[in-house]
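Survey of secondary and tertiary structure
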Amino acid sequence: QVQLVESGGGLVEAGGSLRLSCAASGRTFSNKAMGWFRQAPGKEGEFVAAISWPGRFTYYADSVKGRFTISRDNAENAVYLQMNSLKPEDTAVYYCAARSSGRISYDDDEYDYWGQGTQVTVSS
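A brief report on the enclosed structure follows.

To continue, consider the overall build of the protein. The helix and strand tally for the protein stands at 0 helices and 11 strands. Beginning at the N terminus, the succession of helices and strands in the protein can be written as β-β-β-β-β-β-β-β-β-β-β. Whereas a compact globule of 124 residues would reach a radius of gyration of roughly 14 Å, the protein reaches 13 Å, a difference of no more than 12%. Projected onto its principal axes, the C-alpha coordinates of the protein cover approximately 40 × 25 × 25 Å. Taken across its 124 residues, the protein has 43% of its residues classed as buried. Nonlocal contacts in the protein, meaning residues at least 24 apart in sequence, comprise 59% of its contacts between residues at least 6 apart. Surface exposure of the protein reaches about 6400 Å², of which carbon and sulfur atoms provide 45%. Charge centroids of the protein, computed over 12 positive and 14 negative side chains, lie 6 Å from each other.

Calculation notes
- Starting afresh in each chain, residues are numbered from 1 along the sequence in its written order.
- Per-residue local features are limited, in this predicted model, to residues with pLDDT of at least 70; the limit for side-chain atom pairs, both in listing and counting, is 80 or more; totals at the level of whole chains, interfaces and linings are taken over all residues.
- Here the side-chain values reflect all heavy atoms present in the structure, with hydrogen atoms and water set aside.
- Numbering goes from the N terminus for both helices and strands, where a helix is a DSSP run of H or I of at least four residues and a strand is a run of E of at least two.
- Radius of gyration here is computed from C-alpha atoms only, and the compact-globule reference equals 2.2 Å multiplied by the residue count raised to the power 0.38.
- We call a residue buried when its accessible area falls under 20% of the maximum for its residue type, exposed when it is over 50%, and partly exposed in between, using a 1.4 Å probe and counting protein chains only.
- Contacts are residue-level and defined by heavy atoms, with any inter-residue pair within 4.5 Å sufficient.
- In this description, accessible areas are obtained by the Shrake-Rupley approach with a 1.4 Å probe, and a residue is regarded as covered only by the protein chains that are shown.
- We score Asp and Glu as negative and Lys and Arg as positive, and we do not count His or the chain ends.
- One atom stands in for each charge, and that atom is NZ of Lys, CZ of Arg, CG of Asp or CD of Glu.

Purely spatial values, then, with no claim about function.
Okay, here's the thing in structure tokens:
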């Protein structure tokens, strides 16, 4: 098992920034691609960003490209999501996920481990 714990969410004004963190523990963090997903109230969950193992490749949803940056620190067993130029439509619960493959995926069905989520609220 891999346990994932997100942190860094909160309330921010439109145009502001937040940095989400995801700490992994349990089974090895290595050889696992990581992803961020989000779910807004009344909407289906959506892919946000993903990073391969050990971190050479990244992939973003069009809605966040150029504003969000995913990164990982393999020595610290952590993955981050830097979110800039936030918009009210970015409001959602953000989830960190890990898959038992080093390759990127935007499909939530391909992720095996999930965190509990952290709330991000962007006011207009």
